[in-house]
Amino acid sequence: LIVKEDGTLEDFGLNAICTHLGCVVPWSAANNKFMCPCHGSQYDTSGAVVRGPAPLPLALAHLDVDESGKIVFSSWSETDFRTDGKPWWT
């Protein structure tokens, strides 16, 4: 779940599991990126790798808000907009 600076939600979510060895990757507001505490991988606000050893970006999911205001995630099978390639997680 990504909240933009204007308070609205991005239309995608990220699975914050490091693609190096599977550690949970918390958001660091002070550094404005996701930072893995295990081996130092870093990801930008879109989940793209900005520092390894992670080999791949964080997995994407579609995010929608239904008529009752409930947030709903669904599978992302389209091209990964960060790499212009096929999603590695499908």
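Remember, it's a predicted structure, so these values are computed and weren't measured experimentally. (Residues numbered from 1 in each chain as written. Predicted model: local features only at pLDDT ≥ 70, side-chain atom pairs only at ≥ 80, totals over all residues. Heavy atoms only, no water.)

> Can you tell me about the overall build of the protein chain, naming the residues and giving the values?
Scanning the protein chain from terminus to terminus reveals zero helices and seven strands. Counted from the first residue to the last, the protein chain has its helices and strands arranged as β-β-β-β-β-β-β. In terms of C-alpha radius of gyration, the protein chain reaches 13 Å, essentially the compact-globule figure of 12 Å for 90 residues. Sequence-distant contacts in the protein chain: of pairs separated by 6 or more residues, those separated by 24 or more amount to 36%. Entry remark: accessible area of the protein chain is about 5,500 Å², with carbon and sulfur atoms responsible for 53%. For the protein chain, the distance from the average site of its 6 positive side-chain charges to the average site of its 11 negative ones is 10 Å. (Helix = DSSP H or I, 4+ residues; strand = E, 2+ residues; numbered from the N terminus. Rg over C-alpha atoms; globule rule 2.2 N^0.38 Å. Contact = heavy atoms within 4.5 Å. Areas by Shrake-Rupley, 256 points an atom, 1.4 Å probe, with all protein chains shown as cover. Lys, Arg positive; Asp, Glu negative; His and termini not counted. Charge placed at Lys NZ, Arg CZ, Asp CG, Glu CD.)

> Which residues make up the environment of C38, and what values go with them?
Residue placement: C38 occurs in the loop between β3 (33-35) and β4 (42-43). C38 gets classed as partly exposed once you look at its relative accessible area, which sits at 38%. Spatially, the C-alpha atom of C38 lies 8.8 Å from that of V25, the residues being 13 residues apart in sequence. (Buried < 20%, exposed > 50% of the residue type's maximum accessible area, 1.4 Å probe, protein only.)

> Report on the state of the cysteines, specifying residues and quantitative values.
A complete count under the given rule lists one disulfide for this structure. C36 provides the cysteine sulfur closest to C18, a residue in no disulfide bond, and the two sulfurs are 3.9 Å apart. The buried category is assigned to C36, whose relative accessible area is 7%. (Disulfide = S-S within 2.5 Å.)

> Tell me about the sheet that holds strand β5 (residues 49-51), residues and numbers included.
As summarised here, the arrangement of the four strands in space is β2-β3-β4-β5, forming an open sheet in which the pairing is antiparallel. The strands lining the two open edges of the sheet, one partner per strand, are β2 (27-28) and β5. Where β2 and β3 come together, two bridges link them in antiparallel fashion. Bridge pairing in β3 places S28 opposite K33. (Pairing = 2+ DSSP bridges.)

> Break down the packing of aromatic side chains for me, with residues and values.
Evaluation of the coordinates by the stated rule reveals four aromatic pairs. Each ring, one from W76 and one from F81, has its centre 5.8 Å from the other, and the planes form 55 degrees; the classification is tilted. Assessed through its relative accessible area of 40%, F81 is described here as partly exposed. Summarising the aromatic geometry, the rings of W88 and W89 are spaced 5.5 Å apart at their centres and angled 90 degrees between planes, so their arrangement reads as edge-to-face. Among the residues examined, W89 registers a relative accessible area of 22% and is labelled partly exposed. Taken together, the ring pairs connect F12, W76 and F81 into an aromatic cluster. Stacked on the ring of F81, the Lys or Arg R82 has its end atom at 5.8 Å from the ring centre. (Phe/Tyr/Trp six-rings, centres within 6.5 Å; stacked < 30°, edge-to-face > 60°. Lys NZ or Arg CZ within 6 Å of the ring centre and 35° of its normal.)

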